[in-house]
Amino acid sequence: MNRIILTLCITFGWAQFPDSLYQLGNRYYEAEQYQQAANTYEKLSRQVVHEDLFLNLGNAYFRMGELGHAIWAYEKGYDLSPRNGDLNYNLNFVRAQVRDRIIPPDDFIFVAIYRAIVEKLTILDLITLAGFLFIGLGCIYVLRVNGLIADRMGGIVNGFLLVFLLSTGWIMLDKYWEVSDEKEAIVIAAAVDVRSAPIERGENVVFRIHEGTKVDITATQAGWVEVILLDGKKGWMAAENVRTLRSI
Amino acid sequence: MLKRVSLILLFVGFLWGQVSVTASVDVNRISQSETVGFKIVATNADGTPNVDISPLLKDFKIVSGPAQQTNIQWVNGAMTSSRSLSWTLLAKKEGKLNIPGLNVNIGKQAYRTKPIGITVEKGAGRAQMANLFIEAKPDKEQAYPGEQVTVTYRLFTRLNLSIEDIEYPKSVGFWNEDLRVAQTVRFRDTQINGVGYKVATLYKAAMFPTQTGDLVIAPMTAICNVEKPSKRRPSGVFDDPFFNSMFRETQRQFIQSDSLKITVMPYPKSPPADFTGAVGKFDVVSWVDTPVVKVNEAITFKVRLKGTGNLNQFNMNTINFPQNMEVFPPTSSFKRDEFRDELTGELSLEYILIPRIPGEFRLNPVTLTYFDPAIDQFVTARSPSESIAVKPGDKSEIASTGINREDVAFIGEDIRYIRTQTPKWTPRGEQTIPIWVWGTYVIAAGLFIFPGMFSKVQSNRSSTAGIRRAKGALKVALQSLSTQAEDPFTHTAEVMYRYFQSKLFLASEHLDPMILETALMNKISNPLILETVAIAKICDAGRFGPEASEAKDTLQMQAGELLKQIDGELA
């Protein structure tokens, strides 16, 4: 029955619009045709973006056993909506199955808190927050001009709001730089040899990483990318083995 | 050649002799407290004898050994070698004992020793062994199961000695609790039948019989090193008690206490159904930390059992708690009183109770049925019952199901399911900031801009109010004159004067024809001034007298025409 519905859908061009493609992908997923579901979601992701789309795409890849692609999709969704509970859960669940255990160096406690805040906020969140802080400052200004608030109290509240606004502005800038500078990627091959140079020779393998591991790309060369791990290990690997999260 | 080899072999055989294995003891008649030396000698053996001594252990205890010794002797050019193993044995019982034949292996060869008979006489009594003995003394010889029998082991001596080792008694049919184990032996002086002794308590134990019948408490044995004066007595200048003390020898001596027989009697009556084996004297108390609680609040119910007896050998009777009260397993602690020879202590139990419905609850008394040997009766100790008032809680009450709840546990883990609702798509590469976010910035900007702008407009309006009034004066005046008033003289006068006030910026509120004439001088033509003054006078005349009544109907119209002409000239 599902097959008939799907055939009809495709025949009548029903599956050409985002909503239709999404529903088609969901039908494939429900029918446990994960490869077709993933293809449909991938096709849709070239037109539109939404965290739900990447959640579904990640699920389809996970069911296919494609750990690297699943993490890639969840990470894409996480960038759009870092506080989405289902995305966080699935991402953590799948990350736990990654073979490589890379322990980053410990940050100073305040730096760790700052990083956690930055990670859980999008640029849109920060712009919105700044807007509300501006409104707050405007209200204080109106109250002070009309003498409706004591000068001292007005000054204190004004100061607080100003500090918050400046902090938000700084975080926004930091986030923007992070988004625009970092070139992260996920390993999609089962196991990859990382080499000391972009040349395939037996003796230049420095370490080996596995599917699902997140890397930062620091340089590219024809068919090769230079990657650095969270713990600082660095080397070259074939570009086909990673899928980038943000365009290089 | 063959003859030569045979001769050499004959010579070697003669030289080495035949291998023989013999067993011997140093003495055949001993008392039970004495040891016997047992030696196995292998003559002309080329290896160390390997002896299976397990048959010995039935009647003898090995005190020390085996000690190895090798001897080589040359007698008249013939060499004899012997390897010996020796043990020190202590007889376990009296009578005619037999050291059985033992299997000895030397290399691949097996030999067997001959059995040796030994007569063990009854251990020397206190009178015979008056210099050194251990006394085992129970506080009672008849007891009930579970009743404490305190046994004290004391060492009496008239010699200087040190204790090398003590083997504490292990008795079947008793649960044993150490009361005092001597870490260092401290002697004090005492007298028995007028003879001075040094006495030290070596060990004190509380023994609780676990079965009825005649039970035997095994003897305690100790190995002592007893000082004895040396037989080699120096002579000459060193023949002095001071120097003699330097040449004293020590002799190992094994002493053993008597076995004790304890008669364990059955209880005089058959025990009650709730009797769990407690024997002694006990007291039970229980209490709650708070008698008034709210629903779902925890109460601590404490039970303390205190007394003397076999505290670790029985269980408390099961406590029946009220329904609708959740009970968590208790925590227990036991505190033993170390300073008494009788085993005394305190067992504490702590229950956490959580009432699930409001009401008055009564906790049943905690009981313990025990046998008191002092009065030969079963006694039930009982704590007072406790009442608890449970008031309704702040939150909704949870009906008790009688089932202990537990955390929800994961059986298996999996990813969360896909989202099936179609979301609101954002075209790729066109992620925009929503309009309402921009709205916040617009509102904020408005809050900063509008107060300033408003005050500026206000001040501007107030500064140009006169000009605006002058500009609109004719229009206002004509509108007012177009409506027919009841008193046209007063109305016309008011309209005209208001017009001139606005137009000529006159400050005075009270105008009259004379002021008006002066104000209009050089501003408009004379005929118009005269006409204006004339109309003003008519108005005044009409307001204050009846002589101008014929102009009543046309006055407003005339005034309107006149004001139009004046406005034209003033412009």
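Parameters at a glance
- Residues numbered from 1 in each chain as written.
- Chains lettered and ligands numbered in written order.
- Predicted model: local features only at pLDDT ≥ 70, side-chain atom pairs only at ≥ 80, totals over all residues.
- Helix = DSSP H or I, 4+ residues; strand = E, 2+ residues; numbered from the N terminus.
- Buried ≥ 20, exposed ≤ 12 C-beta atoms within 10 Å, placed from the backbone.
- Contact = placed C-beta atoms within 7 Å.
- Axes fitted to C-alpha atoms, helices over the stretch in contact; angles between N-to-C directions.
- Parallel < 35°, antiparallel > 145°, perpendicular 65-115°, else oblique.
- Left-handed = near helix turned anticlockwise from the far one by under 90°.
- Nonpolar A, V, L, I, M, F, W, Y, C, P; charged D, E, K, R; others polar.
- Expected span 1.5 Å × (residues − 1).
- Arc of directions from axis to C-beta.
- Pairing = 2+ DSSP bridges.
- Core = buried A, V, L, I, M, F, W, Y, C linked by C-beta atoms within 7 Å.
- Domains from an automatic or database assignment.
- pLDDT = per-residue confidence, 0-100.

So, the overall build of chain A
Reasoning step 1: On a plain count of helices and strands, chain A comes out with 9 helices and 8 strands.
Reasoning step 2: With 248 residues in all, chain A has 30% of them scored as buried.
Reasoning step 3: Considering only contacts within chain A whose residues lie at least 6 apart along the sequence, 56% involve residues at least 24 apart.

Some thoughts on the packing of helix α6 (residues 488-504) of chain B against helix α8 (residues 526-544) of chain B
Relative orientation and spacing of two packed helices are given, respectively, by the angle between their axes and the distance between those axes.
Residues and elements named next belong to chain B.
Reasoning step 1: Where α6 contacts α8, the two axes come as close as 8 Å, and the packing angle between them is 140 degrees. As summarised for this structure, α6 and α8 are arranged oblique, according to the angle between their axes. Pair α6 / α8 crosses with left-handed handedness. Residue-level contacts link Phe 489, Thr 490, Thr 492, Ala 493 and Met 496 of α6 to Ala 536, Cys 539, Asp 540, Gly 542 and Arg 543 of α8.
Reasoning step 2: Considered class by class, the residues forming the contact of α6 with α8 number 5 nonpolar, 3 polar and 2 charged.

A look at helix α9 (residues 555-570) of chain B
One turn of an α-helix holds 3.6 residues; hence residues three or four places apart share an orientation.
All names here are of chain B.
Reasoning step 1: Compared with the 22 Å implied by 1.5 Å per residue over 16 residues, the 22 Å span of α9 between its first and last C-alpha is a close match.
Reasoning step 2: Of all the residues in α9, the buried ones are Leu 555, Gln 556, Ala 559, Leu 563 and Ile 566. Projected down its long axis, α9 shows its buried positions confined to an angular sector of 85 degrees, all on one face. Across α9 from its buried face, at more than 90 degrees, point the exposed residues Lys 564, Gly 568 and Glu 569.
Reasoning step 3: Of the surrounding elements, those touching the buried residues of α9 are α5 (473-482), α6 and α8.

Overview of the sheet that holds strand β27 (residues 359-363) of chain B
Residues and elements named next belong to chain B.
Reasoning step 1: Strand order across the open sheet formed by 3 strands is β23-β30-β27, with mixed pairing between neighbours. Both outer strands of the open sheet, β23 (292-294) and β27, are each paired with one neighbouring strand and no more. For this sheet the average axis-to-axis angle between neighbouring strands, irrespective of direction, equals 30 degrees.
Reasoning step 2: Where β23 lies against strand β30 (residues 386-391), 3 bridges are found, and the strand directions are parallel. By the bridge assignment, Val 293 is partnered in β30 with Val 390.

So, the environment of B:Arg468
Reasoning step 1: Assignment of secondary structure puts B:Arg468 in helix α4 (residues 465-471).
Reasoning step 2: C-alpha of B:Arg468 to C-alpha of B:Ser502: the two residues are 34 residues apart in sequence and 9.0 Å apart in space.

Focus on the nonpolar core
All names here are of chain A.
Reasoning step 1: Ranked by size, the top nonpolar core spans 42 residues in total, and within it Leu 57, Ala 70, Tyr 74 and Val 242 carry the most contacts.
Reasoning step 2: No fewer than three residues from each of domain 1 (2-95) and domain 3 (184-244) sit in this core.
Reasoning step 3: Filtering out sequence-adjacent residues up to four positions away, Val 242 remains in contact with Ala 185, Ile 186, Val 187, Ile 188, Val 215, Val 225 and Met 237.

Regarding the interface of chain B and chain A
Reasoning step 1: In this complex, chain B contributes 21 residues to the contact, which on the side of chain A involves 34 residues.
Reasoning step 2: Counting residues per element, the ones that place at least two in the side of chain B that touches chain A are β31 (426-427) and α3 (435-463) of chain B.
Reasoning step 3: Sort the elements by how many residues they give to the side of chain B that touches chain A and α3(B) lands first, with 8 residues.
Reasoning step 4: Its residues assigned to classes, the side of chain B that touches chain A comprises 13 nonpolar, 4 polar and 4 charged.
Reasoning step 5: When strand β1 (residues 48-49) of chain A meets β31(B), the two strands line up antiparallel, connected through 2 bridges. Residue pairing across strands places A:Val49 opposite B:Thr426, the latter belonging to β31(B).

Some points on the pairing of strand β24 (residues 299-309) of chain B
Within a regular beta strand, the side chains point alternately toward one face of the sheet and then the other, so they alternate between its two faces.
Residues and elements named next belong to chain B.
Reasoning step 1: Burial along β24 is one-sided: the face carrying Ile 299, Phe 301, Val 303, Leu 305, Gly 307 and Gly 309 is buried and the face carrying Thr 300, Lys 302, Arg 304, Lys 306 and Thr 308 is not.
Reasoning step 2: Taken together, the 9 bridges between strand β22 (residues 275-288) and β24 define a ladder with antiparallel strand orientation. Bridged to Trp 287 within β24 is Lys 302.
Reasoning step 3: Relative to strand β26 (residues 344-355), β24 runs antiparallel, the two sharing 10 bridges. Its bridge partner being in β26, Thr 308 is matched across the sheet by Thr 344.

Notes on the confidence of the model for chain B
Residue and element names in this part refer to chain B.
Reasoning step 1: Looking at chain B, pLDDT values average 80 and 87% of them are 70 or higher.
Reasoning step 2: Across residues 5-16, where pLDDT falls below 50, the model places 3 contacts with residues more than four positions away in sequence or in other chains.
Reasoning step 3: Confidence over residues 396-403 falls short of pLDDT 50; this stretch has 10 contacts with residues more than four positions distant or in other chains.
Reasoning step 4: Taken together, the chains of this predicted complex give a pTM of 0.42 and an interface ipTM of 0.77.

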